[in-house]
Amino acid sequence: MNTPRATVRLQLHRDFGFDAAAACVGYYAELGISHYYLSPVWAARPGSMHGYDVVDPTRINPELGGEAALMRLVKNLRQAGMGLVVDLVPNHMGIAGGANRYWDSVLAWGRGSPWAGWFDIDWEVADPRLHGKLLWPVLGEPCDEALAAGHLALHFEGREGLALAYRNSLRLPLNAASQAELLAPLPVFAEVAVTLAQATPATAPPIYAGLADLVAGKEGRAAKDTLLAGCNSKNLAGRRRLQALLARQHYRLSWWRNAAEEINWRRFFEVAELAGVRVEADEVFEATHALLFTLYERGLIDGVRIDHIDGLAEPGAYVRKLRQRLAGLQAARPAPLDAEPAWIVVEKILSPGEVLPSSWDIDGTTGYDFMDQAGALLHYGKGELVLRSLWAELTGDTRALDGHVQAARLQLLAENFGGEFEGLVRALHACAMDAPLGGRDLSPNAIRRVLRAVLGAFRRYRSYGPEDAGAAADALQAARAILAAPDHALLDELARWLQLCPGEDATEAVSSRAQALALRRFRQLTPPLAAKSVEDTAFYRYGPLLSRNEVGSYPLDPAPDAAAFHEAMVQRASAWPRAMLATATHDHKRGEDARARIAVLSEVPDLWEQTLRKWVAGHAALRTRLSRPGQEALTAPVPADQLMLYQTLVGAWPAGLSTGDSQGVAALAKRVAGWQQKALREAKLYSSWMLPQPDYEDACERFLMELLQGKASQDFLGQLAGLLELLAPAARCNSLAQTLLRLTCPGVPDLYQGCELADFSLVDPDNRRRVDMAVRQAGLELPWRPAQDWRTDTLLNDKQVLIRQTLELRRCHPAVFCGGDYLPLHVTGPAAGHVLAFARQAAGATAITAVLRHTARLARFLDDAGWAGTRIELPAAAQGAQWSDALNGRVHVPGPGGLSVATVFAGAPVALWISHAAESGSVAGH
């Protein structure tokens, strides 16, 4: 029961909480889902639409309905024979808006806060303004401007004492000693000021309560008004008092733009509203996981998804500790839930050639690796190379993906992660100062220079030691190639300190404490640097085929062939048979069907080239010439942004939308405009989140609106519709193939909310829109509809029914799909290159999955006679068996040459067959 048969990912928020999810249980049970897989359920920032900004891991989110509503949901799930998997966020907490009492305590008490050890704060930075303090970059302008504008004001907060308010909304705690200094000159508050000056976090609450009682009286109220008036920032004396007050705090209040260069605490990526949590500390681990353990012991949850595992100080130690603690609670769970261990998967991006450490004692990843493998299979490698050449010609940029990634890394180090980079430089310099011989003369500037070269070339998200030797060696070789010869010795030294030279022991050369700090900071800097440089920067700069630019992908080489896919699945069946399989997530860049459609362009590169050249030439007059002082003039959108926009329109066009539907086209234009603004800012070339450029963004939006709603739309929409009609059959085939692979390959298939119907969504927040459950409920009544000709039939894309029937087969044959062997099947004949087939076998039962690929090329270059000689060879153990088509019930006895492809794909481009004897025996037991 604890290991899911299939999960559905639901995004919870205040408008779709536990009760709304409970109302959908019947539908998902009928679809064949075994477990809900929920976005974070812990108390999050008020109004959060995703839940990853957890403010209190010890409470269930009240905006979702609280614990009572969660209990109602679990009751519904258990009655339907289903379970629950929750999303755990151990790496960071949300700290914005005064909603996090733990962080606010640190602001108020500094290192004296009982929760100061929860957060990864460097209290000993060289900057004297930050010594013993943390940077608090929450202002929308420099601090002196905020004071001059009257945006900072002293407030009395009742039983919370005095506080500063920024723009009448954000509360800024004040430490007790500074409050005492403000209160002491006023006789009515003199006594309470004395006790407050000596207060601790434990003794302060009753003192603040006494202060509130004084203020409630007439004399106290008048004294309070005098105090507040004397700290009015609209006059010089008041500003000076507030400046002095700020100087006495445990934080340095700052403009948000200063965070990139001055931050002295670990963030999630570059988000200064999410603070890193030190779960490597036992007391922090236990406190932040106590509620999780309670839910598991009570049998309310069955497994966890761990968010951003690479961000933790010690990922391996963390997951082993988590497994151990959950295992210790297993016997106390209600029967029969006590019979199986918890299901644990981690959000982990695997770089090319990287494997998940087997020592972690988990069930696998959340499926980004499978999404890349299945998605790549849909692409035609030779066509992809043609489109890369076309991209280089039309954009004038001949760099491959690696070149864009390295440029992005160096830019991010300079502009976005300066604070983290300098913290690592300081840690490495401490290693040098501790070295007994030769290290003391290493300057911070030299360390910066060499470290920048290493980070610029380090392709992995994170180094885990010996298993990453190849990636580390590649990075060091690339760094050595660009560094001057005098820096090579320092490069070797840094490599030893950072354990990038397996087999060499650096602990004797430096102090263990200094090295441990440097190693931790290096390993916690490379994950955000990798994520931001690849999927959040380079993927918005380089886009020959946007269907390859997806989270979890690094499309350096063209799409691999079927043999590579088979090899990956054999490995998955052996090492990670319970890992999650995903083709859509809450973080995807484009919906699974949008990618499936764009992928067809790799099969018809000549057609796409003709179309692009026509559009680029025809739309030249729609672009805007921009002049910026001190910079070269540019025309918006630049070619790269223009080409990616065209692909986005191809991918995002909704199924069934007519070009004459002005409201529907306007709705699409609004969605694409939201994507476009995000894409331009993520690219960080002509606009950015740090410094938006309205002239460029507005010009790009005008270009988009002219294409979809202006005069140019009269021709463009017709041309786009004609192209989509040509792509539609192959795109539908890709969608169904991708779906069936997810459902039958080794692992646990996950359905992202709403994706049982066609999903042409864009990056968040577009991919988190509310799902129309009524439409999906009605769809369950539809049978599988074989087509007369899958190349032209417009009713073919019946993903929902394919999902329902395949999940029913998984329910009837759990041994086959949950741990069964994966056997690649050999295909012979003229159409063999267009067929991928494999068998799943266990306990004498066999199921065969077969899908068509590259069908645009198949339809153009292969006539019907070509099917006659194409066959799928059956595994030896299944020879002579009777087979049933799991989708439509047809029974077939193959000849000695195996399954005829003409028979297999008679009504659909995907097929799922089960040996007749196995089917009869298994179904009888249910």
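This text follows the structure it describes.
To keep things clear, this report deals only with the structure shown in the data block. Here, residues in each chain are numbered from 1, in the same order as that chain's written sequence. For this predicted model, a pLDDT threshold of at least 70 governs which residues receive local features, and a threshold of 80 or more governs which side-chain atom pairs are given and counted, while totals over whole chains, interfaces and linings are taken from all residues. Note that the side-chain values use all heavy atoms of the structure and ignore hydrogens as well as water.

1. Some remarks on the sheet that holds strand S6 (residues 92-94)
To keep it simple, the criterion reads: Two strands are said to pair when DSSP picks up at least two bridges between them. Numbering of helices and strands runs from the N terminus, with a helix taken as a DSSP run of H or I at least four residues long and a strand as a DSSP run of E at least two residues long.
The sheet built from three strands is open, its strands ordered S6-S13-S12 with antiparallel pairing. Looking at the sheet topology across the chains shown, the edges are occupied by S6 and strand S12 (267-268). Examined bridge by bridge, S12 and strand S13 (residues 271-276) share two bridges and lie antiparallel to one another. Each bridged residue has a counterpart across the sheet, and for Arg267 the counterpart in S13 is Ala275.

2. Some details on the pattern of salt bridges
We count it as follows: By definition, a salt bridge exists where a carboxyl oxygen of Asp or Glu is found within 4 Å of a side-chain nitrogen of Lys or Arg. Under the scheme applied here, a residue whose accessible area is under 20% of the maximum for its type counts as buried, over 50% as exposed, and between as partly exposed, the area being computed with a 1.4 Å probe on protein chains only.
Taken as a whole and assessed by the stated rule, the structure comprises 63 salt bridges. Across the pair Arg78 and Asp302 runs a salt bridge whose closest N-O atoms are separated by 3.0 Å. Pair noted here: Arg78 is in helix H3 (residues 66-79) and Asp302 is in the loop between helix H12 (282-297) and strand S14 (303-306), with a separation of 224 residues, a long-range link. The class of Arg78 is partly exposed, set by a relative accessible area of 25%. Residue Arg305 is joined to Glu347 by a salt bridge in which the shortest nitrogen-to-oxygen separation is 3.4 Å. Residue Arg305 is located in strand S14, and its partner Glu347 is located in the loop between strand S15 (343-346) and strand S16 (364-365); the two are separated by 42 residues in the primary sequence. For Glu347, a relative accessible area of 14% translates into the label buried.

3. Considering the sheet that holds strand S24 (residues 845-852)
Put simply, the rule is: Residue contacts are counted whenever heavy atoms from the two residues lie within 4.5 Å of one another. Note on geometry: axes are lines fitted to C-alpha atoms, helical ones only across the stretch in contact, with angles between N-to-C directions running from 0 to 180 degrees.
Here six strands make up an open sheet; going across it, the order is S21-S23-S24-S29-S26-S27 and the pairing antiparallel. Both outer strands of the open sheet, strand S21 (821-824) and strand S27 (891-892), are each paired with one neighbouring strand and no more. Looking at chain direction, strand S23 (residues 835-842) and S24 are connected through eight bridges and run antiparallel. Looking at S24, one finds that Val835 is bridged to Leu852. Contacting S21 and S23, helix H22 (residues 562-575) crosses the sheet at an angle of about 165° to S21.

4. Quick look at the nonpolar core
Basically, it comes down to this: Here, nonpolar core refers to any group of buried Ala, Val, Leu, Ile, Met, Phe, Trp, Tyr and Cys residues whose side-chain atoms link them within 4.5 Å.
The biggest cluster of nonpolar side chains holds 131 residues, and the ones touching the most others in it are Tyr28, Tyr36, Trp265 and Leu322. Ranked by residues supplied to this core, first place goes to H12 with seven residues. Once you skip the residues sitting within four places of it in the chain, Tyr36 turns out to touch Val8, Leu10, Ala21, Cys24, Val25, Tyr28, Leu73, Leu77, Met82, Gly83, Leu84 and Val85. If you look at the next biggest cluster of nonpolar residues, it comprises 53 residues, including Ala538, Trp615, Leu643 and Ala679.

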